[in-house]
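A look at the structure
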Amino acid sequence: MLKAIHVTKKFGELVAVDDLSFHVRKGQIYGIAGPNGAGKSTLFNLITGNYGYEGRIEFQGKKITGLSPHRIAQAGIARTFQIPQVFPSLTVKKSISVGSRFGARGGLDPAYVEEVIRFVELEEEQNQKTGRLNLLGKKKLMIGAALATKPKVLMLDEPHAGSNAKEIKDLMDLIRRINKKLGITIIIIEHFMKVLTELTDELLIIESGRMICCDAPEVATNNPQVIESYLGKAYAESD
Ligand SMILES: Nc1ncnc2c1ncn2[C@@H]1O[C@H](COP(=O)(O)OP(=O)(O)OP(=O)(O)O)[C@@H](O)[C@H]1O
Ligand SMILES: [Mg+2]
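This text gives an overview of the structure that appears in the document. Quantities reported herein were computed from a predicted structural model and do not represent experimental measurements.

The residue Arg-118 is located in helix α4 (residues 110-119) in this model. Between the C-alpha atom of Arg-118 and that of Ser-100, which follows or precedes it by 18 residues, the distance is 15 Å.

Right under this line is the structure:
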């Protein structure tokens, strides 16, 4: 569904993404992990067309390299950001409507907006200003605004960061429902091992922009190089 072929991104001397090739298949929850500064968020910015790069990215068999972010969103790729970004003065409903208008296929769809608000469980907050939402609320909103574009692929950049155990569980449930009930392919950048092993079907581990391994999560997290460079000794010694 989404294929990266020898993708490289340099910021001056720094090679943030270094000759990465991978293939996300339809219906998967595809995990991306790696240390801070590994190039994970940069990779999302390349897929969404925010920066130019070397190599090629294909979506549903067609090249999207060189398309504008707007065209890529319209093709059916939506994303959320590592730091929740909301318009504080808009209501929850209005913010999700903006997503609906921006997105694929046919402009604002009020009935679908209602459906999305129910799906992300923000009915009670729908007329509140988004600035009043707590962190979990802001995250659900950001996911809702992305869903309102009717994506085929949803990319989530560390959705669980800063969350407590209950919030992590709620978000994992939401991500699973998006994948299973809406049939949306998910690409998730994540640091929490529990989330990666319980949620993902396949896991790509990168370090300094390069692939360390790409495998089933239980295999990838037991790769000796991954344990050494990323998970650390503490993880290797725990069970
Ligand atoms: N716009 C930019 N200009 C210059 N350097 C950048 C830019 N964006 C990212 N970088 C650098 O590229 C490298 C990869 O950054 P990136 O944000 O992709 O890492 P990450 O894997 O998402 O890390 P984290 O886990 O901390 O979110 C870092 O060294 C970062 O400083
Ligand atoms: Mg990042």
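By size, the foremost hydrophobic cluster in this structure holds 31 residues, and its most contacted members are Ile-96, Ile-143, Leu-147, Leu-154, Ile-178, Ile-186 and Ile-188. For this core, the elements supplying multiple residues, two or more each, are α3 (92-102), α4, α5 (135-147), β7 (153-157), α6 (165-181), β8 (185-189) and α7 (193-199). At 6 residues, α6 tops the list of elements feeding residues into this core. There are two domains that each give this core at least three residues, and those are domain 1 (1-74 + 153-239) and domain 2 (77-151). Every residue in contact with Ile-178, bar those within four places of it in the chain, is listed here: Phe-119, Ile-143, Leu-147, Leu-154, Gly-183, Ile-184 and Ile-186.

Quick look at the side chain of Thr-8 now. With respect to the secondary-structure elements, Thr-8 resides in strand β1 (residues 2-11). Within the structure, the side chain of Thr-8 is placed 2.9 Å from the backbone nitrogen of Asp-19, a separation counted as a polar contact.

Around ligand 1 there are 15 residues in total, and Gly-37, Lys-40, Ser-41, Thr-42 and Gln-82 lie nearest to it. Gly-37 is positioned with one of its backbone polar atoms (N or O) 2.8 Å from an oxygen atom of ligand 1. Burial of ligand 1 by the protein amounts to 64% of the accessible area it has alone, namely 640 Å². Mapped by element, the contributors of at least two residues to the shell around ligand 1 are β2 (14-24) and α1 (40-47). Counting residues per element, the shell around ligand 1 draws most heavily on α1, at 3 residues. Considering only residue class, the shell around ligand 1 consists of 6 nonpolar, 7 polar and 2 charged.

Taken in spatial order, the 6 strands make up an open sheet running β6-β7-β8-β3-β9-β10, and their pairing is mixed. Across the chains shown, the open sheet's two edge strands, defined by having one partner strand only, are β6 (77-79) and β10 (210-215). Across the sheet, the axes of successive neighbouring strands diverge by a mean angle of 20 degrees, strand direction being ignored. As defined by bridge partners, strand β3 (residues 29-33) adjoins β8 across 4 bridges and the pair is classed as parallel. For Gly-31, the partnering residue across the bridge sits in β8 and is Ile-188. Sheet strands in contact with α6 are β3, β7 and β8, and its direction is about 150 degrees off that of β8.

Moving on, we come to the coordination of the magnesium ion (ligand 2). For the magnesium ion (ligand 2), the full set of protein donor atoms is Ser-41 (OG) and Gln-82 (OE1), at a range of 2.1 to 2.3 Å. You can see Ser-41 sitting in helix α1 and its partner Gln-82 sitting in the loop between β6 and α3, a full 41 residues away along the chain. The exposure class of Ser-41 is partly exposed, given its relative accessible area of 22%.

Rules of the game
Residues numbered from 1 in each chain as written. Chains lettered and ligands numbered in written order. Predicted model: local features only at pLDDT ≥ 70, side-chain atom pairs only at ≥ 80, totals over all residues. Heavy atoms only, no water. Helix = DSSP H or I, 4+ residues; strand = E, 2+ residues; numbered from the N terminus. Core = buried A, V, L, I, M, F, W, Y, C linked by side-chain atoms within 4.5 Å. Buried < 20%, exposed > 50% of the residue type's maximum accessible area, 1.4 Å probe, protein only. Domains from an automatic or database assignment. Contact = heavy atoms within 4.5 Å. Polar contact = N/O pair within 3.5 Å; in protein donor to acceptor, adjacent residues only side chain to side chain. Near = heavy atom within 4 Å. Areas by Shrake-Rupley, 256 points an atom, 1.4 Å probe, with all protein chains shown as cover. Nonpolar A, V, L, I, M, F, W, Y, C, P; charged D, E, K, R; others polar. Pairing = 2+ DSSP bridges. Axes fitted to C-alpha atoms, helices over the stretch in contact; angles between N-to-C directions. Donors = N, O, S within 2.8 Å, 3.2 Å for Na, K, Ca; no water.

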